[in-house]
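# Chain and residue survey
Chain residues, written in single-letter form:
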Amino acid sequence: MAQIELRNIRKIFSISVRPEGRFGVLRGALFRHRKIIQALDGITFDIEAGELVGYIGPNGAGKSTTVKIMSGILTPEEGTCLIMNRVPWRERVRHVSRIGVVFGQRTQLWWDLPVRDSFDLLKDIYSIHPTDYNKRLKELAESLDLGPLLTTPVRQLSLGQRMRCEIAAALLHSPDILFLDEPTIGLDAVSKLALRSFLKRENKEKGITMILTTHDMDDVESLCSRVMVIGHGKLLFDGQLQRLKQLYAPLRSIRAVLTEPVREFHLDGAESIQVDGNVWTVLFDPQKVGAHVMVERLAHSLPLRDVEIRDQDIDEIIAAMYQEMQI
């Protein structure tokens, strides 16, 4: 039996919609119009113990709603959800004792208290044995470099510092599953690299199952071999990241900044070329020609000042999936 099982999960929300027009506010105060939003539409998947899965999609696709159902915060209208053979929203106390949740936009720490005081409160909430607590806190403080932060009020922390503390707070009670909802949002490059390295280590050494929702493709590529893509509440893809790219984002792009404008001409290996002043964007298929070959051809033909190679981002991949599936 899988550690996480979702079958045909459906979730709807009813929201108020203000009437349009000049007197929309007045009419909205007198007559409320409700709109039904299908947040999740038959989501089904399994996740085995120890997996690190990327759960990706555009804003409003249903990622956070799925996480909230799996963590017991929301109850679906239809379907079944078993986490470690428990229904999250029916056995919340037992369930939350074995999971950790990190929401990038929200905090579980007390804003005006020093970080250590928040950790001590969490120790009591989760009934962690003092010996286990001290051992785990020492491990986390060393791994996440929390030493100087433990006596600092949460409100005085930078975003990167707070996120490291949020991760530690979610792991203090040694959960079996960690839900990460946009954990690197707003972080600088150094903080992102450090956080990714820590998560990979915890997953490998502690065997913690992790489900990561993010818009940052670098997060997914560095952490996850398996990805699930959601769009309009439907699961569009579940498989290996490389397979996703092959199916929906086969092309890579080179953004070449020139020292002076040059008129567009035919370039061997280029699927398409866009010229905007002294910036060339060249799309090519890496299965047909290597990136280094394309860069060499550009360097030989153009007065290059700078070159950047990139994959298509998540939004472009989702757009391609929508177009193909006619969603």
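Look up a bit, the structure's there.
Reference entry: report on the structure contained in this document.

It is worth spelling out the overall build of the chain at this point. The number of helices and strands found in the chain is eleven helices and 13 strands. Taking the principal axes of its C-alpha atoms as reference, the chain extends roughly 70 × 55 × 45 Å. Counting every position in the chain, which comprises 327 residues, the buried fraction comes to 45%. In the chain, the share of contacts with a sequence separation of at least 24, taken over all contacts with a separation of at least 6, comes to 69%. When the accessible area of the chain is evaluated, it comes to approximately 17000 Å², of which 49% is carbon and sulfur surface.

A separate point is helix H7 (residues 189–206). The terminal C-alpha atoms of H7 lie 25 Å apart, and with 18 residues this matches the ideal 26 Å at 1.5 Å per residue to within 8%. Contacts from the buried residues of H7 go to strand S3 (52–56), helix H5 (130–144), helix H6 (159–171), strand S6 (177–181), strand S7 (209–214) and helix H8 (217–223). Where H7 begins, the capping side chain belongs to aspartate 188, and its oxygen is found 3.0 Å from the backbone nitrogen of valine 190. At the C-terminal side of H7, glycine 207 shows a positive phi close to 70°.

Two numbers describe how H5 lies on H7: the axes approach to 11 Å, and their chain directions differ by 140°. As far as their axial angle goes, H7 and H5 are oblique. Pair H5 / H7 crosses with right-handed handedness. Contacts between H5 and H7 involve Arg136, Glu139, Leu140, Ser143 and Leu144 from the first element and Phe198, Arg201, Glu202 and Lys206 from the second.

Before going further, it helps to spend a moment on the sheet that holds strand S13 (residues 304–311). Spatial strand order, S11-S12-S10-S13: four strands in an open sheet with antiparallel pairing. Here the strands that pair on one side only, and so sit at the sheet edges, are strand S11 (270–276) and S13. On average, adjacent strands in this sheet sit at an angle of 15° to one another, irrespective of strand direction. As defined by bridge partners, strand S10 (residues 252–258) adjoins strand S12 (residues 279–284) across six bridges and the pair is classed as antiparallel. Counterpart to valine 257 in the pairing with S12 is valine 279.

Moving on: the side chain of glutamate 166. You can see glutamate 166 is positioned in helix H6. Look at glutamate 166 and you get buried, because its relative accessible area is 1%. In this structure, glutamate 166 is in contact with Val102, Arg106, Thr107, Gln108 and Leu109, ignoring residues within four places of it in sequence.

Moving on to the sheet that holds strand S9 (residues 234–240). The strand order S5-S6-S7-S3-S8-S9 describes an open sheet built from six strands, whose pairing is mixed. Of all the strands in the sheet, the pair left with one neighbour each is strand S5 (99–103) and S9. Ignoring strand direction, the axes of neighbouring strands in this sheet form an average angle of 15°. In this structure, strand S8 (residues 226–231) lies alongside S9, joined through six bridges in antiparallel fashion. By the bridge assignment for S9, glycine 231 is matched with lysine 234. Set on the sheet, H6 makes contact with S5 and S6; between it and S5 the angle comes to about 160°.

With that settled, the discussion passes to the environment of valine 279. Here valine 279 lies in strand S12. Residues valine 279 and threonine 259, 20 residues apart in the sequence, show an inter-C-alpha distance of 9.2 Å. Discounting chain neighbours no more than four positions away, the residues touching valine 279 are Arg255, Ala256, Val257 and Gln274.

Bringing the packing of helix H4 (residues 115–125) against H5 into the picture now. Packed helix pairs are specified by the crossing angle of their axes together with the interaxial distance, meaning the distance between the axes. With their axes 11 Å apart at the nearest point, H4 and H5 run at an angle of 140° to one another. As far as their axial angle goes, H5 and H4 are oblique. Here H4 and H5 pass one another in a crossing that is right-handed. Contacts between H4 and H5 pair Arg116, Phe119, Asp120 and Lys123 from the former with Tyr133, Asn134 and Leu137 from the latter. Considering only residue class, the contact of H4 with H5 consists of three nonpolar, one polar and three charged.

Definitions and cut-offs
Residues numbered from 1 in each chain as written. Predicted model: local features only at pLDDT ≥ 70, side-chain atom pairs only at ≥ 80, totals over all residues. Heavy atoms only, no water. Helix = DSSP H or I, 4+ residues; strand = E, 2+ residues; numbered from the N terminus. Buried < 20%, exposed > 50% of the residue type's maximum accessible area, 1.4 Å probe, protein only. Contact = heavy atoms within 4.5 Å. Areas by Shrake-Rupley, 256 points an atom, 1.4 Å probe, with all protein chains shown as cover. Expected span 1.5 Å × (residues − 1). Polar contact = N/O pair within 3.5 Å; in protein donor to acceptor, adjacent residues only side chain to side chain. Axes fitted to C-alpha atoms, helices over the stretch in contact; angles between N-to-C directions. Parallel < 35°, antiparallel > 145°, perpendicular 65-115°, else oblique. Left-handed = near helix turned anticlockwise from the far one by under 90°. Pairing = 2+ DSSP bridges. Nonpolar A, V, L, I, M, F, W, Y, C, P; charged D, E, K, R; others polar.

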